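# A structural walkthrough
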Amino acid sequence: MRSSDRRLNALVRHLLVGDSNSSSSSSMGSITDSPASASDGRDSVFAHVVQAPEDPILGVTVAYLKDPSPIKLNLGVGAYRTEEGKPVVLNAVRKAEHQLVNDVSRVKEYLPIVGIAEFNKLSAKLILGADSPAIQQNRVTTVQCLSGTGSLRVGGEFLARHYHERTIYIPQPTWGNHIKVFALSGLTVKTYRYYDPATRGLNFQGLLEDLGSAPSGAIVLLHACAHNPTGVDPTLEQWEQIRQLIRSKALLPFFDSAYQGFASGSLDADAQPIRTFAADGGELLVAQSYAKNMGLYGERVGALSIVCKTTDVAGRVESQLKLVIRPMYSNPPIHGASIVATILRDRNLYDEWTVELKAMADRIISMRRQLFDALQARGTPGDWSHIIKQIGMFTFTGLNAEQVAFMTGEYHIYMTSDGRISMAGLSTKTVPHLADAIHAAVTRVF
Ligand code: KET
């Protein structure tokens, strides 16, 4: 077993079993204890519960918020900020929301278990293409879910219940939550090689070897574009080889599409790999998130689509997805999906959204250039060209955990300990501060 898989297994055991080093069985207080006397906690029925660590990504924001420094900078979570460092609500979203609140015919009834039918149709079109044969042939089922995470979770649990091969291969490294989402869905999680630290690029040979030796039928998690955390994507030619390998071994592709539009600035270009898989007539799953590309983070709006071979199969798959969703959260919320449907159905709002999306992607690309130039200007040792080569919201800097801790301690810059920085959290004003910190870290901490 590879060491990455061993580490993964240890994490999964911890997750599924919980913490077993609870020591003292709590001494129960007697019922005659005065209700007013303050407890020292030992008589709590939860006295054995141990403090859990913060989430490796969302915990960065928790630490950042506690820091009183005026120069602090949060480059942890992948959330877009303006040049002024402020979160944005897109104009297209504001306009859609106005339409929605002004429409007095709208009510707050429960949605169906699968969500808003129109939202589902439009989401499938957005990712698979308006002229997708699979959609025209009515063999795609789409269910509205709680953003990208919820879509992955529902898809994972459906596969654990109904698919014959319960092993899922995820890239090494990947978004940290994948491991937990799929393990708790009931799947066995294994890794395939993806990133080569030496070249700061794709380990394409390793990827082909690992998927080539996966058991026939295994599920393969693929980042649709803008791989998180590495910012390294296969080229279209490499995607084609991956597709051929996956189909020849009857592996099942499960795409995580959390950044459509953020890689290239074009929604269609970023969906291209998925569309070539759908075009070969084979089956696939895709989890879509509108958190980043519509800036709807906290609205929790996403969709899971399963492309099947026939209409009949798709119908039965959908009936089982409902059985997964109903006991989990019953049915999804209305507001976020209504915003998305309003924008996707209206030509003007759609066009306005794509312009705003492109502007966000372009600002990130310009941050890459500015950070690269600032390091060059400082003569910072090392090759930093990966900053401009990598794609999407993140730069996988290559800084180690000690260097990251140094930058947080000395410069109040917050980022994940694997050296990932969210370029979307950076601005022209803050680039010099970050470049100073990186320069100090690589020249003073090894
Ligand atoms: N997939 C990937 C690859 C991903 O990076 C995220 C979020 C998600 C799915 C889920 O997003 P949702 O908000 O559920 O639609 N990533 C950022 C936020 C987070 O960790 O929750 C991040 O990596 O910073």
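Residues numbered from 1 in each chain as written. Predicted model: local features only at pLDDT ≥ 70, side-chain atom pairs only at ≥ 80, totals over all residues. Heavy atoms only, no water.

## Examining the confidence of the model for the protein
In low-pLDDT regions, the fine details of the predicted coordinates are not to be read closely. Overall, the predicted model of the protein reaches an average pLDDT of 93, with 92% of residues at or above 70. Below a pLDDT of 50 lies the segment residues 18–31, which in the model reaches eleven contacts outside its immediate sequence neighbourhood of four places, other chains included. (pLDDT = per-residue confidence, 0-100. Contact = heavy atoms within 4.5 Å.)

## Topic: the packing of aromatic side chains
Applying the stated criterion across every chain, the model contains eleven aromatic pairs. On the numbers, 5.7 Å between centres and 80° between planes, the contact of Tyr350 with Trp353 is edge-to-face. Of this pair, Tyr350 and Trp353 are both found in helix H13 (residues 347–378), three residues apart, which corresponds to roughly one turn of the helix. Looking at Lys72, its charged tip hangs above the ring of Tyr64, at a distance of 4.4 Å from the centre. Against the face of Phe394 rests Arg420, its NZ or CZ located 3.7 Å from the ring centre. (Phe/Tyr/Trp six-rings, centres within 6.5 Å; stacked < 30°, edge-to-face > 60°. Helix = DSSP H or I, 4+ residues; strand = E, 2+ residues; numbered from the N terminus. Lys NZ or Arg CZ within 6 Å of the ring centre and 35° of its normal.)

## A look at the pairing of strand S8 (residues 252–257)
Most of S8 is tucked away: six of the six residues are buried. Of the two faces of S8, the one carrying Leu252, Phe254 and Asp256 and the one carrying Pro253, Phe255 and Ser257 are both buried. The pairing of strand S7 (residues 219–223) with S8 spans five bridges and is parallel. Its bridge partner lying in S8, Val220 is registered against Pro253. This β-α-β element, S7 to helix H9 (residues 236–248) to S8, shows right-handed connectivity. For S8 and strand S9 (residues 284–289), the ladder comprises four bridges, and the chain directions are parallel. The residue of S9 that forms the bridge with Asp256 is Ala287. The parallel pair S8 and S9, bridged by helix H10 (residues 267–279), forms a crossover whose chirality is right-handed. (Buried < 20%, exposed > 50% of the residue type's maximum accessible area, 1.4 Å probe, protein only. Pairing = 2+ DSSP bridges. Right-handed = clockwise from strand over helix to strand, strands pointing away.)

## Here we look at unusual backbone geometry
Cis geometry is adopted by the peptide bond preceding Pro173, which originates at Gln172 and carries an omega value of 0°. On the secondary structure map, Pro173 appears in the loop between strand S3 (167–172) and helix H7 (177–185). That bond from Asn228 to Pro229 is cis: its omega, 15°, falls within 30 degrees of zero. Examined against the element boundaries, Pro229 turns out to sit in the loop between S7 and H9. We note that Ser147 has phi near 55°; this positive angle belongs to a residue other than glycine. Along the chain, Ser147 turns up in helix H6 (residues 147–162). A relative accessible area of 2% means that Ser147 is categorised as buried. The phi torsion at Ala226 lies on the positive side, around 55°, for a residue other than glycine. One can find Ala226 in the loop between S7 and H9.

## Overview of helix H3 (residues 91–102)
Taking 1.5 Å as the rise per residue, H3 with twelve residues should run 16 Å; its terminal C-alpha atoms sit 17 Å apart, in good agreement. Ala92, Val93, Ala96, Glu97 and Leu100 are the residues of H3 that are buried. Axial view of H3: buried residues confined to an arc of 130°, hence all on one face. The exposed residues of H3 that point more than 90 degrees off its buried face are His98, Val101 and Asn102. (Expected span 1.5 Å × (residues − 1). Arc of directions from axis to C-beta.)

## Notes on the environment of Pro381
Relative to the assigned elements, Pro381 resides in the loop between H13 and helix H14 (386–389). Assessed through its relative accessible area of 43%, Pro381 is described here as partly exposed. Between the alpha carbons of Pro381 and Val60 there is a distance of 27 Å; along the sequence they are 321 residues apart. Residues in contact with Pro381, not counting those within four places in the same chain, are His439, Val442 and Thr443.

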